[in-house]
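Observations on the three-dimensional arrangement
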Amino acid sequence: MKTPPSSSGKHRLIHARTVFKCAAVIMVFAWAWQLPCAAGTTSTTPISTLFAGQASYINNAEPQPVGQLDAEPDLTYTHNRQSDYIQFPLTLTYGLMPRWDVSAAVGVQWQSYSPANGNRQTASGFSDIPIYTKFKLLDQDQWWCSQSLEFEINVPTASREQGLGTGNPNYDLTWLASKDFTDKLTGDLNLGYTLVGNDSASSFSNQLHYGLALEYSVTDKLGLNAQFLTSVPDSQMNHTEVALSTGIGWQATPRFQMHASVTEGIGAGNQVIEVSATVGATWSFGKHAAPNNDDGAKTPTR
């Protein structure tokens, strides 16, 4: 999450009133669009399988500066009518070369959910390990916006038997675009596709995901953002998930930032995300002084 989870880029900031107007328009559009898709659906999928790959946060197009290492622990709690889910990942991001960075996250999770048979189950253990690499293709001065590609492989370390993961690798490719509209206003757009590890006994679907983020600052230390997230399963279009996230980030010192966010599912029916909350921090090491987070105020899971 980026995003939290929390990977880079100096964030531009805009007046709060402008962002909330934009967020309101997004919410109305998403609600109207999703009603026919979600009405009458019931999801019994464990929350840990929702928004596989990059779909749970909006990332920006700027890679980590060369030689800078960011360490970001996050704590996320997600709830809906059938599930409760807690995740605690630690994400490390390092700038390898100009225009290229890598990152990985390790963590633990706990969840309680009701499967199709109605008997509530509880499970805990390690999460899968996502490994990411981002490469910048274009700068804003070369085209209308900065553009990057980010590839992820999800290493299946979570227990399939307990329902904590698919037991197979997931793969994700996401196009990232970021635009500085003014020296205070930035927008991020993501569009990606996730190949979810699967077999004949599993019901998990590959996912198309996309989203938009807007970021702004109240002061030079305080940042706010809004994110719109959508995940569309290939074989279950009526289980499309739409969510809106709002967050806050505080630059406590040049090398330390705290962040928090709340995500709410949008639309009718039983959404996999009804509400989710994340708190976390970012420590920055290396020759660059300040953390370079995806969105100023992180959303799950990076």
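Per chain, residues are indexed from 1 in the order of the written sequence. Per-residue local features are limited, in this predicted model, to residues with pLDDT of at least 70; the limit for side-chain atom pairs, both in listing and counting, is 80 or more; totals at the level of whole chains, interfaces and linings are taken over all residues. With hydrogens and water set aside, each side-chain value is computed from the structure's full complement of heavy atoms.

**Observations regarding the overall build of the protein**
- When its secondary structure is counted, the protein shows one helix and 13 strands.
- Put simply, DSSP H or I for four residues or longer makes a helix, DSSP E for two residues or longer makes a strand, and each gets a number counted from the N terminus. Listing each helix as α and each strand as β along the protein from the N terminus yields α-β-β-β-β-β-β-β-β-β-β-β-β-β.
- Exposure categories follow from relative accessible area, calculated using a 1.4 Å probe and restricted to protein chains: below 20% of the type maximum is buried, above 50% is exposed, and the middle band is partly exposed. Expressed as a percentage of the 302 residues in the protein, the buried residues total 52%.

**As for the pairing of strand S11 (residues 241-253)**
- Criterion used throughout: strands pair if DSSP finds at least two bridges between them. In terms of strand pairing, strand S10 (residues 222-233) meets S11 through ten bridges, oriented antiparallel. Among the inter-strand pairings, Gln227 is bridged to a residue of S11, identified as Ser245.
- Relative to strand S12 (residues 256-265), S11 is paired through ten bridges, and the arrangement is antiparallel. Following the sheet pairing, Thr253 is matched in S12 by Phe256.
- Between S11 and the antiparallel strand that follows it, S12, lie two residues.

**Quick look at the environment of Thr122**
- Relative to the helices and strands, Thr122 resides in strand S4 (residues 121-126).
- As for Thr122 and Gln111, which are separated by eleven residues in sequence, their C-alpha atoms are 5.7 Å apart.

**Remarks on the packing of aromatic side chains**
- Here the aromatic set is Phe, Tyr and Trp, taking the six-membered ring for Trp, and pairing holds for ring centres within 6.5 Å; pairs whose planes are under 30 degrees apart are stacked, those over 60 apart are edge-to-face, and all others are tilted. Taken as a whole and judged by the stated rule, the model has two aromatic pairs.
- For the ring pair Trp144 and Phe181, a centre distance of 6.0 Å and an interplane angle of 65° mean the geometry is edge-to-face. Of this pair, Trp144 sits in the loop between strand S5 (129-138) and strand S6 (146-155) while Phe181 sits in the loop between strand S7 (170-180) and strand S8 (186-195); the two residues are 37 residues apart in sequence, bridging distant segments of the chain.
- The class for Phe181 is partly exposed, based on a relative accessible area of 42%.
- Measuring from ring centre to ring centre gives 4.9 Å for Phe256 and Trp283, while their planes differ by 45°; the resulting arrangement is tilted. One end of the pair, Phe256, is in strand S12; the other, Trp283, is in strand S13 (residues 275-285), and 27 residues separate them in sequence.

**What about the pattern of salt bridges?**
- Within this document, salt bridges are pairs made up of a side-chain nitrogen of Lys or Arg and a carboxyl oxygen of Asp or Glu, the two lying within 4 Å of each other. Scanning the entire structure with this criterion turns up four salt bridges.
- The partner of Lys136 in a salt bridge is Glu62, with the nearest N and O atoms 2.7 Å apart. Of this pair, Lys136 sits in strand S5 while Glu62 is found in the loop between helix H1 (16-38) and strand S1 (69-79), placing the two residues 74 residues apart along the sequence.
- Looking at Lys136, the relative accessible area reads 6%, which means it is buried.
- Residue classification places Glu62 among the partly exposed residues on the basis of a relative accessible area of 31%.
- Between Lys136 and Asp139 there is a salt bridge; the shortest N-O distance is 2.7 Å.

**Side note on the confidence of the model for the protein**
- A residue's pLDDT is the predictor's confidence in that residue, given on a scale from 0 to 100. The predicted model of the protein has a mean per-residue pLDDT of 76, with 70% of residues at 70 or higher.
- Below a pLDDT of 50 lies the segment residues 1-55, which in the model reaches 199 contacts outside its immediate sequence neighbourhood of four places, other chains included.
- It only takes one pair of heavy atoms within 4.5 Å for two residues to be counted as in contact. Confidence drops under pLDDT 50 across residues 291-302; counting only partners more than four residues distant or on other chains, this segment forms 119 contacts.

**A look at the pairing of S12**
- Of the strand pairs in this sheet, S12 and S13 are connected by nine bridges, and their pairing is antiparallel. Pairing of Met258 across the sheet is with Ala281, part of S13.

**Comments concerning the environment of Thr91**
- Assignment of secondary structure puts Thr91 in strand S2 (residues 83-97).
- A residue is classified by how much of its surface remains accessible, and Thr91, at 2% relative accessible area, is buried.

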